[in-house]
Amino acid sequence: MTKAIILTGDRTTGPLHIGHYAGSLANRLKLQDSHEQFLLLADMQALTDNAGDPAKVRRSVIEVALDYLAVGIDPAKSTICLQSHLPALAELTLLYLNFVSVARLERNPTIRQEIRARGFGHAIPAGFLCYPAAQAADITAFKATIVPVGEDQAPLIEQSNEIVRRINAGAGKAILPEAQAVIPSSGRLPGVDGKAKMSKSAGNAIALSASPEAIAAAVKAMFTDPGHLRVEDPGKVEGNVVFTFLDAFDEDRAGLEELKAHYRRGGLGDATIKRRLDAILQALIAPIRQKRAQLAQDLGYVLDVIRQGTQKARERTEATKQEVMAGLGLFTL
Ligand code: TRP
């Protein structure tokens, strides 16, 4: 039986953080054993909101690849490839742009939200507005049916599926499969400051390569329950960032439920719950940091992984592009 195909990607804008881990890396690790998996270093998509800083985008290609390998993505099971070096993705993007309206792009909830967050005003880069079509190209060029992503990405998968239906209708047969987003049930991890999204640019992230001191400092500064002034006071668990993080990373579910009950009742200090979270994050990150430092000593190996993965992906995506062109009845040579 052929394995179902998975495709995901990350914009190369900086090292990944534990929000990425909870949001999709953990799922990708699990799925690489049972599926054929492609991971896209999305440097072209990174440019859609970082055109002013190509050096960062370039540097981050290696950072993200190091993060993948350090968390345990195995190049023998998962193919790591570089978006800018897959011409079929750019070609399919151009094709798909004719199968989506500007109004539909503007209505995409993720795009709307990101435009607001980035303060583009009336100067929205055309590449940014159109990146849902490019992401559809990413997904469909691999014929992926499963896309493990954070929940903010769901509208992009939906829009990709719309394009798939249009292409298939145009071709009169199901050339491209629709894809399904795999979203973690825990929801999105907030920033350490309690803001809705963890991001490096907001300065509220814990990197997968964070030092023990940086982890400790982030946990120490975490927002808890402002009404919980004395240890004996009852405390709130909902909206308490420390508990949100424990929900995402504490594997001792029964112990965590007891801790929550105790906190609600009163008599449990913030220092105690922070100590527990610190220990869990230190244990999660220490082996990643160590492996990452080791890999960083051998960048030749990392480059080889990217080169080989990109070569494999190039053949795969080119074949799909040809199939779509032919399916639509376009001229092919
Ligand atoms: N948009 C994704 C993000 O910002 C990155 C990405 C690019 C992606 N291409 C993709 C995700 C294809 C899933 C599938 O995180």
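Source: prediction; values computed, not measured. (Residues numbered from 1 in each chain as written. Predicted model: local features only at pLDDT ≥ 70, side-chain atom pairs only at ≥ 80, totals over all residues. Heavy atoms only, no water.)

K.L.:
I'd like to hear about the pattern of salt bridges, residue by residue, with values.
P.N.:
Oppositely charged side chains are able to pair whenever their charged atoms sit close together. What the rule picks out here adds up to 24 salt bridges. Here E91 ties to K321 by a salt bridge, and the two come within 2.7 Å at their closest N and O atoms. Separated by 230 residues along the polypeptide, E91 in helix α4 (residues 87-96) and K321 in helix α14 (residues 299-327) bring together distant segments of the chain. On the basis of relative accessibility, which here comes to 37%, the residue E91 falls in the partly exposed class. The closest approach of N and O atoms between E238 and R264, which form a salt bridge, is 2.9 Å. Pair noted here: E238 is in the loop between α10 (212-220) and α11 (241-249) and R264 is in helix α12 (residues 253-265), with a separation of 26 residues, a long-range link. (Salt bridge = Lys/Arg side-chain N within 4 Å of Asp/Glu carboxyl O. Helix = DSSP H or I, 4+ residues; strand = E, 2+ residues; numbered from the N terminus. Buried < 20%, exposed > 50% of the residue type's maximum accessible area, 1.4 Å probe, protein only.)

K.L.:
Please provide a residue-by-residue account of the site of the ligand, values included.
P.N.:
Neighbouring residues of the ligand: L7, T8, G9, R11, A42, Q45, Q135, D138, I139, V147, V149 and Q153. Within the side chain of R11, an N or O atom sits 3.4 Å from an oxygen atom of the ligand. Side-chain polar atom of Q135 to a nitrogen atom of the ligand: 2.9 Å apart, as the coordinates give it. Contact with the protein chains covers 90% of the free accessible surface of the ligand, which is 370 Å². For the shell around the ligand, the secondary structure elements donating two or more residues are β1 (5-11) and α8 (131-141). The greatest single-element share of the shell around the ligand, amounting to four residues, is contributed by β1. Partitioning the shell around the ligand into residue classes produces five nonpolar, five polar and two charged. (Near = heavy atom within 4 Å. Polar contact = N/O pair within 3.5 Å; in protein donor to acceptor, adjacent residues only side chain to side chain. Areas by Shrake-Rupley, 256 points an atom, 1.4 Å probe, with all protein chains shown as cover. Nonpolar A, V, L, I, M, F, W, Y, C, P; charged D, E, K, R; others polar.)

K.L.:
Could you give me a rundown of the packing of aromatic side chains, with the residues and numbers involved?
P.N.:
Tallied over the entire structure, the rule returns four aromatic pairs. Taking 4.7 Å as the distance between ring centres and 40° as the angle between the ring planes, the aromatic pair formed by F38 and F142 counts as tilted. Within this pair, whereas F38 is found in strand β2 (residues 36-42), its partner F142 is found in the loop between α8 and β4 (146-148), the two being separated by 104 residues in sequence. The buried category is assigned to F38, whose relative accessible area is 0%. F142 sits in the buried class, given a relative accessible area of 0%. On the basis of an interplanar angle of 65° and a centroid distance of 5.0 Å, the ring pair of F243 and Y263 is categorised as edge-to-face. Of this pair, F243 sits in helix α11 while Y263 sits in helix α12; the two residues are 20 residues apart in sequence, bridging distant segments of the chain. (Phe/Tyr/Trp six-rings, centres within 6.5 Å; stacked < 30°, edge-to-face > 60°.)

K.L.:
Tell me about helix α3 (residues 54-71), and name the residues and values.
P.N.:
Taking 1.5 Å of rise per residue, 18 residues should cover 26 Å, and α3 covers 26 Å from first to last C-alpha, within 8% of that figure. The largest bend in α3 comes to about 30°, at S60. Inspection of α3 places V57, S60, V61, V64, A65, L66, D67, Y68, L69, A70 and V71 among the buried residues, and these make up the whole buried set. Backbone geometry just after α3 places G72 at a positive phi near 115°. (Expected span 1.5 Å × (residues − 1). Bend = angle between axes of the 7 residues up to and from the residue.)

K.L.:
Residues and numbers for the packing of α11 against α12, please.
P.N.:
Running from N to C, α11 and α12 cross one another at 165°; their axes reach a closest spacing of 10 Å. Comparing the axis directions of α11 and α12 gives the class roughly antiparallel. When you trace α11 past α12, the crossing you get is left-handed. Across from F243, L246 and D247 in α11, the residues of α12 making contact are R253, L256, L259, K260 and Y263. (Axes fitted to C-alpha atoms, helices over the stretch in contact; angles between N-to-C directions. Parallel < 35°, antiparallel > 145°, perpendicular 65-115°, else oblique. Left-handed = near helix turned anticlockwise from the far one by under 90°. Contact = heavy atoms within 4.5 Å.)

K.L.:
Explain the domain arrangement of the protein chain residue by residue, including any values.
P.N.:
Size of an interface: often given as the accessible area lost when the parts come together. Here the protein chain is described as being made up of domain 1 (5-186 + 299-327) and domain 2 (212-293). Computed over C-alpha atoms, the centres of domain 1 and domain 2 are 33 Å apart. Contact with domain 1, which involves 11 residues of that partner, is made by eight residues of domain 2. Regarding the contact of domain 1 and domain 2, the summed buried area is about 820 Å², with carbon and sulfur atoms giving 71% of it. Of all residues in domain 1, I18, Y21 and A70 bury the most surface against domain 2, accounting for 56% of the area lost on that side. Counting across the domain 1 and domain 2 interface gives two salt bridges. In this structure, R292 and D67 form a salt bridge, with 2.7 Å as the shortest nitrogen-oxygen distance. At the surface where domain 1 touches domain 2, the tally comes to three residue pairs in polar contact (both at pLDDT 80 or more). Taken together, the elements giving at least two residues each to the side of domain 1 that touches domain 2 come down to α1 (18-31) and α3. (Domains from an automatic or database assignment. Buried area = accessible area lost by both parts, 1.4 Å probe.)

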